[in-house]
Amino acid sequence: MDEEFEPLPATLQNVLDQDSLRWIFVGGKGGVGKTTTSCSLASQLAKVRDSVLLISTDPAHNLSDAFGQKFSKTPTLVNGYTNLYAMEIDPTGSIQEMIESSQESGMQSHLQDMAFAIPGVDEAMSFAEVMKLVKSMDYSSIVFDTAPTGHTLRFLSFPTVLEKALGKLAQFGGKMGPMLQSMSGMMGMAPNQEDMFQKLESMRATIQEVNAQFQDPDKTTFVCVCISEFLSLYETERMIQELTSFHIDTHNIVVNQLLYPPKTSSCEHCGVRAKMQAKYLEQIHELYEDFHIVKMPLLTKEIRGVDSIKEFSELLTHPYQPPQ
């Protein structure tokens, strides 16, 4: 590392200070503390924003467990706050609802065949529905607690997937439209093909607009979460490269579950593990010298409930001081 290089502050204060940020993604490998980090960040944002919405797009929803309060696909005020709302959405449910909303069972099968013929289009359309919903909501900032890395990267590539899929569906619809209309007439059903394509076009318009915002560093940033181990570091590097290819800003890394045993500690396991973590932490600093590296300690208690989250969240802006 360049000796003259001044490391960036080891906090997420930069996110709080950037008033223009509307979309904040929090993601990383499974089991590294994404939900705790996203809840803590949302808690800190609620101090400096008029309103904050925290959304879980991970099928294994953990927001309810973290806050000790049941959430659904409708934004709900989090207990203990006046301006923080949370919701949990099923990222694969929207397209099924669209298919089932078609009253004619014969047309349902055609819609399903068309939709699922293209890899990723079901998730992409669900993403578009979510974005359409969220975009209509009036929140100062929206924090996404995302699924593990692979799902997150797919989530962020959906605008491209959807664009390609809509082109194929339009082409397919042009060829099959007359036949579907003929079949609908024979079976006494009202064709609703145009309705479907209008819905798809509406989705495309929404997703194009949101995608433009995602690629604007004034409006969007991605906070990477990891632990100080080889696999997590490898996954973080892959994710940062992918985010860069999607033109999505990322300049914060939260390193969770760090051990800081006192020098007088007789725990051999703790000492060995702390040395291993220190080795990978040094690599993180070397690789990402232009990032804010936020170091979060492994505590002796679970971070569950509003009070615990509020207390833990303070460490995102006031670096943890290890015991001597």
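Numbers given to residues run from 1 along each chain, matching the order in which its sequence is written. Where totals are concerned, whole chains, interfaces and linings use all residues; where local detail is concerned, this predicted model gives features only for residues with pLDDT of at least 70, and gives and counts side-chain atom pairs only at 80 or more. Working from all heavy atoms in the structure, the side-chain values ignore hydrogens and water.

Draft legend 1. Structural detail: the packing of helix H2 (residues 34–48) against helix H11 (residues 306–313). The N-to-C vectors of H2 and H11 enclose an angle of 80 degrees; their axes lie 9 Å apart at closest approach. On the basis of the axis angle, H2 is roughly perpendicular to H11. Facing Thr36, Cys39, Ser40, Ser43 and Gln44 of H2, the residues of H11 in contact are Ile309, Lys310, Phe312 and Ser313. In the scheme used here, Gly and all other residues not listed as nonpolar or charged are polar, with Ala, Val, Leu, Ile, Met, Phe, Trp, Tyr, Cys and Pro taken as nonpolar and Asp, Glu, Lys and Arg as charged. Broken down by class, the residue content of the contact of H2 with H11 amounts to three nonpolar, five polar and one charged. To obtain an axis, a line is fitted to C-alpha atoms, over the contacting stretch when the element is a helix, and the angle between two such axes runs from 0 to 180 degrees between their N-to-C directions. A run of H or I in DSSP counts as a helix once it spans at least four residues, and a run of E counts as a strand once it spans at least two, with each numbered from the N terminus. Relative orientations are named as follows: roughly parallel for angles under 35 degrees, roughly antiparallel for angles over 145 degrees, roughly perpendicular for angles from 65 to 115 degrees, and oblique for any other angle. By definition, residues are in contact when any of their heavy atoms lie within 4.5 Å.

Draft legend 2. Quick look at the environment of Cys226. Counting through the fold element by element, Cys226 comes out in strand S6 (residues 220–227). Judged by relative accessible area, which is 1%, Cys226 ranks as buried. Taking the C-alpha atoms as reference points, Cys226 and Val254, separated by 28 residues in sequence, lie 6.3 Å from one another. With residues up to four places along the chain from it excluded, the contact list for Cys226 reads Val32, Ser232, Thr236, Ile253, Val254, Val255, Asn256 and Ile284. Type-normalised accessible area, obtained with a 1.4 Å probe on protein chains alone, sets the label of each residue: buried when under 20%, exposed when over 50%, and partly exposed for intermediate values.

Draft legend 3. Representation of the pattern of salt bridges in the model. Think of a salt bridge as a Lys or Arg side-chain nitrogen and an Asp or Glu carboxyl oxygen that are within 4 Å of each other. Evaluated as defined, the whole model comprises six salt bridges. Between Glu229 and Arg273 there is a salt bridge whose closest N-O contact spans 2.3 Å. Separated by 44 residues along the polypeptide, Glu229 in the loop between S6 and helix H9 (230–245) and Arg273 in helix H10 (residues 268–287) bring together distant segments of the chain. With a relative accessible area of 26%, Glu229 lands in the partly exposed category.

Draft legend 4. Highlighting the sheet that holds strand S5 (residues 141–145). Pairing within the open sheet is mixed, and its eight strands lie in the order S3-S4-S2-S5-S1-S6-S7-S8. Across the chains shown, the open sheet's two edge strands, defined by having one partner strand only, are strand S3 (76–77) and strand S8 (292–297). Pairing between two strands is assigned when DSSP locates at least 2 bridges connecting them. Relative to S8, strand S7 (residues 252–258) runs parallel, the two being bridged by five bridges. Its bridge partner being in S8, Ile253 is matched across the sheet by Ile293. Lying on the sheet, H10 is in contact with S6, S7 and S8; it crosses S7 at an angle near 175 degrees.

Draft legend 5. Fine view of the state of the cysteines. Cysteine sulfur atoms are paired as a disulfide whenever they come within 2.5 Å of each other. Scanning all chains against the criterion turns up one disulfide. What pairs with Cys267 in a disulfide is Cys270, and their sulfur atoms sit 2.4 Å apart. Between Cys267 and Cys270 the sulfur-sulfur dihedral comes to about 75 degrees; the bridge is accordingly right-handed. Exposure remark for Cys267: the relative accessible area of 30% places this residue in the partly exposed category. Looking at the unpaired Cys226, the closest cysteine sulfur is the one in Cys224, lying at 8.0 Å.

Draft legend 6. Structural context of the nonpolar core. In terms of nonpolar packing, the biggest core is built from 35 residues, with Leu41, Leu54, Phe67 and Leu84 touching the most fellow members. Looking at this core element by element, the count peaks at five residues for H2. One finds Ile142, Leu243, Val255 and Ile293 within the second-largest nonpolar core, a separate group that totals 33 residues. The criterion is simple. A nonpolar core is a set of buried Ala, Val, Leu, Ile, Met, Phe, Trp, Tyr and Cys residues joined through side-chain atoms within 4.5 Å.

Draft legend 7. Seen up close, unusual backbone geometry. The phi angle at His247 is positive, at roughly 60 degrees, despite the residue not being glycine. Locating His247 in the fold gives a position in the loop between H9 and S7. Exposure remark for His247: the relative accessible area of 54% places this residue in the exposed category. Not every positive phi belongs to a glycine, and Gln257 is a case in point at roughly 60 degrees. Tracing the chain through its elements places Gln257 in strand S7.

Draft legend 8. Region of interest: the confidence of the model for the protein chain. On average, residues of the protein chain score 80 in pLDDT, and 68% of them are at 70 or above. Values of pLDDT, which run from 0 to 100, indicate the predictor's confidence residue by residue. Segment residues 187–191: pLDDT under 50, and eight contacts once partners within four positions in sequence are set aside and those in other chains are kept.

Draft legend 9. Quick look at the UniProt feature "active site" (unreviewed entry) in the protein chain. Following the UniProt record, the feature "active site" (unreviewed entry) maps to Asp58 here. Checked against the element boundaries, Asp58 lands in the loop between strand S2 (52–56) and helix H3 (63–67). Looking at Asp58, the relative accessible area reads 11%, which means it is buried. UniProt positions are given in the numbering used here, feature names are shortened, and annotations may be inferred rather than shown by experiment.

Draft legend 10. Representation of H10. To estimate how far a helix should extend, the number of its residues minus one is multiplied by 1.5 Å. Between its first and last C-alpha, H10 extends 29 Å over 20 residues, near the 28 Å set by a 1.5 Å rise per residue. Residues of H10 that are buried: Ala274, Gln277, Tyr280, Leu281 and Ile284. Seen end-on, H10 carries its buried residues on one side only, within an arc spanning 135 degrees. Of the exposed residues in H10, those oriented more than 90 degrees away from the buried face are Glu268, Val272, Lys275 and Glu282. Against the buried residues of H10 lie S6, H9, S7 and S8. This arc is built from the directions going out from the helix axis to the C-beta atoms.

Draft legend 11. Here's a closer look at the layout of surface pockets. Lining residues are defined by having an atom within 4 Å of a point belonging to a cavity or pocket. Those points lie on a 1 Å grid over the protein atoms alone, cavities being sets where a 1.4 Å probe fits but cannot get out and pockets being open sets with protein on both sides within 12 Å along at least five of seven lines. Grid points are joined across faces, edges and corners, and a volume is the space filled by probe spheres set on the points. Reported here for the largest pocket is a volume of approximately 370 Å³. As for the largest pocket, its lining consists of 16 residues, of which Gly33, Thr36, Gln257, Glu302 and Ile303 are closest to the centre. Considering only residue class, the lining of the largest pocket consists of six nonpolar, six polar and four charged.

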